[in-house]
Amino acid sequence: MSSNVNHGDHEGPSNSSFRQHWTPLTTHSRNELDRKSPLQRYQQLVPMLQYYGITVSSEMKSTSDQEMEIENLMRQKEKLIKVLRENTVCRRLASLAMKPDTQQKQKEKQDANIDEDSNYDQSNVKVGIISRSLWDHDNGSGLHLRPLTHVLSRIWPELLELPPHRDVFQNSPRSNSSSSDPVLISVVIPSYAERSELLEKQMRTMMQRCIDPASIEIIIVDAGGRSDKDKDKLQHALKQFQLGSFETHNETDIPSTSTFGHVALLEYTLGGGRGPCLNYGANAARGEIITFCHLDTTLPWQWDRKILKELKNNAESTSSRGNSCAFNFGIDTSPQGLSNSFTSSCKTYYPPGIKAVETTANIRTRIYSLPYGDQAISVPKLIFEFVGGFPDQCLMEDYELVALLRKRATLLDGGLGEALKIIPGDAALCSPRRWQKFGVLFVTFMNSKFVNLYSGGLGPDQLYELYYGSAPPKRESELSPWEIDMEKILESWTGFSEGKKHI
């Protein structure tokens, strides 16, 4: 693995070195960030590492103790890297434990009496907080950096590096599937209270427009709101798609009775909104690549070939390896699209300014590499799991995942050669129903307002209430799935006793 950090001595990385490489290992929901401080996450990380066989001490009483512990951890460096790269719980805890504390950052600036016009390098404060949030007072003798934090900062670049291309596309583990599984792409479609006819229409279009239906898996994640009668109709339709009972027409209008490689309808009952729902579908995916497609998004012709070309086929021949990809943005203004069959009405109203929405969205996408969920984001499954998937929250889940992928592509491009790729050519078309109902100016203003509110600190639950006028879907547990797994591990581990008091 490539790294610019010197691992050969006991000196920690310089501020500039660590600042250059600091990027979250995984996505995090706002609730995960708010529930525990970095120090508390550190206190959870120590026993988890011990559980997986890493010898690590939680308390140091002298400088010599710290130096000995650093030597101990560096002797276990390869094992530590392996655990933090492969174990989801430990990886998330390390990412949370090393996260800068922005409130503490402001406090230190005030304590140092640094004004905004000073020549002081404020970026150094950020690096200091990554460490200071994990320092202890030792009986009034001063602040002592925890050795584990010191070692983590040194191996951080190696924790960030993506799994090798050969693992992502040749040896990626597929749950409930054999090595001969023909599925290459799994399409995850979230659904709540949508009619079976709409899902059937979406699948017909997907089949018509793809090159190799047999290599495609369709996963519909049903979050409820559907009658038993409608559920039966949907099950019947899905069975026909897998048996080849539907006649479809491809781009050359030649009738075909191809079948999808696999079709599944998953019932999701744990609540929490779209983020957890999408993760539930992704967890069941058998394909090497997962494409997340909204129900009102129409994929372009040969969409499967285009996704494979960007993420798999071009990976060895281009300088920047795609960590994800998305299509250009488009709005379906065809007569059929404007008929707005998603509502009881049959309007064909063409909202003024709708093409300007397309243009500005694609400028944003191209210049800033910021696609949104309605552009059919595709991620190799192993990479999706490696970066933490969607955050466990009801709104802005696509915003958070794309933000991390984009940050990796932007900050790590020089050393790791990553890219969030936008597929050239035809766009993925979303329904114009929002703009028909509320108008272009209002929708554009509200979209911008909600992004700004979220960036300013408003939580996804509060945004959901503002957007939908009701409380977010009730969760079965306030904890994220990985936090539940962590609690089960620590509660069942006989070696975990004193550490439990700190969690």
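The rules behind these values
- Residues numbered from 1 in each chain as written.
- Predicted model: local features only at pLDDT ≥ 70, side-chain atom pairs only at ≥ 80, totals over all residues.
- Heavy atoms only, no water.
- Phe/Tyr/Trp six-rings, centres within 6.5 Å; stacked < 30°, edge-to-face > 60°.
- Helix = DSSP H or I, 4+ residues; strand = E, 2+ residues; numbered from the N terminus.
- Buried < 20%, exposed > 50% of the residue type's maximum accessible area, 1.4 Å probe, protein only.
- Lys NZ or Arg CZ within 6 Å of the ring centre and 35° of its normal.
- Polar contact = N/O pair within 3.5 Å; in protein donor to acceptor, adjacent residues only side chain to side chain.
- Contact = heavy atoms within 4.5 Å.
- Patch = residues over 30% accessible without salt bridge, like charges linked within 9 Å, V, L, I, M, F, W, Y side chains within 5 Å.
- Areas by Shrake-Rupley, 256 points an atom, 1.4 Å probe, with all protein chains shown as cover.
- Salt bridge = Lys/Arg side-chain N within 4 Å of Asp/Glu carboxyl O.
- Core = buried A, V, L, I, M, F, W, Y, C linked by side-chain atoms within 4.5 Å.
- Axes fitted to C-alpha atoms, helices over the stretch in contact; angles between N-to-C directions.
- Parallel < 35°, antiparallel > 145°, perpendicular 65-115°, else oblique.
- Left-handed = near helix turned anticlockwise from the far one by under 90°.
- Nonpolar A, V, L, I, M, F, W, Y, C, P; charged D, E, K, R; others polar.
- 1 Å grid on protein atoms, 1.4 Å probe; cavity = no way out; pocket = protein on both sides within 12 Å on 5 of 7 lines; lining within 4 Å.
- Points joined across faces, edges and corners; volume = space filled by probe spheres on them.
- Expected span 1.5 Å × (residues − 1).
- Arc of directions from axis to C-beta.

**Side note on the packing of aromatic side chains**
Item 1. Applying the stated criterion across every chain yields a total of 11 aromatic pairs.
Item 2. Arranged with centres 5.6 Å apart and planes meeting at 80 degrees, the rings of Y51 and W493 form a pair that is edge-to-face. Of this pair, Y51 sits in helix α3 (residues 38-51) while W493 sits in the segment after α23 (481-492), and the two are 442 residues apart along the sequence.
Item 3. Here Y51 falls in the partly exposed class, since its relative accessible area comes to 34%.
Item 4. Each ring, one from F384 and one from F390, has its centre 5.6 Å from the other, and the planes form 65 degrees; the classification is edge-to-face. Side by side, F384 and F390 carry an identical accessibility label, which is buried.
Item 5. Members of the aromatic cluster, joined through ring pairs, are F450, Y464, Y467 and Y468.
Item 6. Taking the ring centre of F386 as reference, the NZ or CZ of R91 above it sits at 3.7 Å.

**With respect to the side chain of T291**
Item 1. Within the secondary structure layout, T291 lies in strand β8 (residues 289-292).
Item 2. Here S378 takes part through its side chain, which lies 2.7 Å from a polar atom of the side chain of T291.
Item 3. In this view, T291 contacts I185, S186, V187, V188, I307, A376, I377 and S378; residues no more than four positions away in its chain are not counted.

**What to know about a nonpolar patch on the surface**
Item 1. Among the surface-exposed residues, I363, I367 and Y368 lie close enough to one another that they form a single nonpolar patch of about 320 Å² accessible area.
Item 2. The residue I363 is located in helix α16 (residues 354-368) in this model.
Item 3. Of the residues examined, I363 reaches a relative accessible area of 43% and is grouped as partly exposed.

**Observations regarding the environment of K77**
Item 1. For K77, the location among the structural elements is in helix α5 (residues 77-86).
Item 2. Overall, the relative accessible area of 15% leaves K77 in the buried class.
Item 3. Remark: the alpha-carbon pair of K77 and L152, spanning 75 residues in sequence, is separated by 9.5 Å.

**Section: the nonpolar core**
Item 1. Of all hydrophobic cores here, the largest spans 61 residues; its most connected members are V187, M206, I218, F260, W303 and I307.
Item 2. Within the second largest apolar cluster, 33 residues are counted, among which are V46, L93, A97 and L152.

**Some remarks on the packing of α3 against helix α6 (residues 88-97)**
Item 1. At a closest axis distance of 8 Å, the pairing of α3 and α6 adopts a crossing angle of 150 degrees. In terms of axis orientation, α3 runs roughly antiparallel to α6. The two elements α3 and α6 cross, and the hand of that crossing is left-handed. Along its contact with α3, which presents P38, R41, Y42, Q44, L45, M48 and L49, the element α6 presents V89, C90, L93, A94, L96 and A97.
Item 2. Counted by class, the contact of α3 with α6 contains 11 nonpolar, one polar and one charged residues.

**So, empty space enclosed by the protein**
Item 1. Scanning the model with the defined rule gives one cavity of 30 Å³ or more in all.
Item 2. The space that makes up the largest cavity amounts to roughly 50 Å³.
Item 3. In this structure, the largest cavity is lined by L278, F292, H294, G373, I377, F390, E397 and D398.
Item 4. Of the residues in the lining of the largest cavity, the class split is four nonpolar, two polar and two charged.

**Observations regarding α23**
Item 1. In a regular helix each residue adds 1.5 Å, so 12 residues correspond to 16 Å; α23 covers 17 Å between its end C-alpha atoms and thus fits that length.
Item 2. Here α23 has its buried residues at W482, E483, M486, I489 and L490. In an axial view of α23, the angular spread of the buried residues amounts to 120 degrees, which keeps them on one side of the axis. For α23, exposure combined with an orientation more than 90 degrees from the buried face picks out P481, K488, E491 and S492.
Item 3. Its buried side turned inward, α23 meets α2 (30-35), α3 and α6.

**Here we look at the packing of α5 against helix α9 (residues 147-160)**
Item 1. Running from amino to carboxyl end, α5 crosses α9 at an angle of 65 degrees, the nearest separation of the two axes being 10 Å. In this structure, α5 meets α9 at a crossing whose hand is right-handed. From α5, K77, L80, I81, L84 and R85 reach across to α9, where they touch L148, V151, L152, I155, E158, L159 and L160.

**Thoughts on unusual backbone geometry**
A negative phi angle is the norm for most residues apart from glycine, just as the trans form is the norm for most peptide bonds.
Item 1. Phi is positive for A193, which is not a glycine, with a value near 55 degrees.
Item 2. Residue position: A193 is located in the loop between β3 (185-191) and α11 (196-209).
Item 3. A relative accessible area of 41% means that A193 is categorised as partly exposed.
Item 4. Of note, S369 is a non-glycine position whose phi angle comes to about 50 degrees, a positive value.
Item 5. Within the secondary structure, S369 sits in the loop between α16 and β11 (378-380).
Item 6. Overall, S369 belongs to the partly exposed group, its relative accessible area being 21%.

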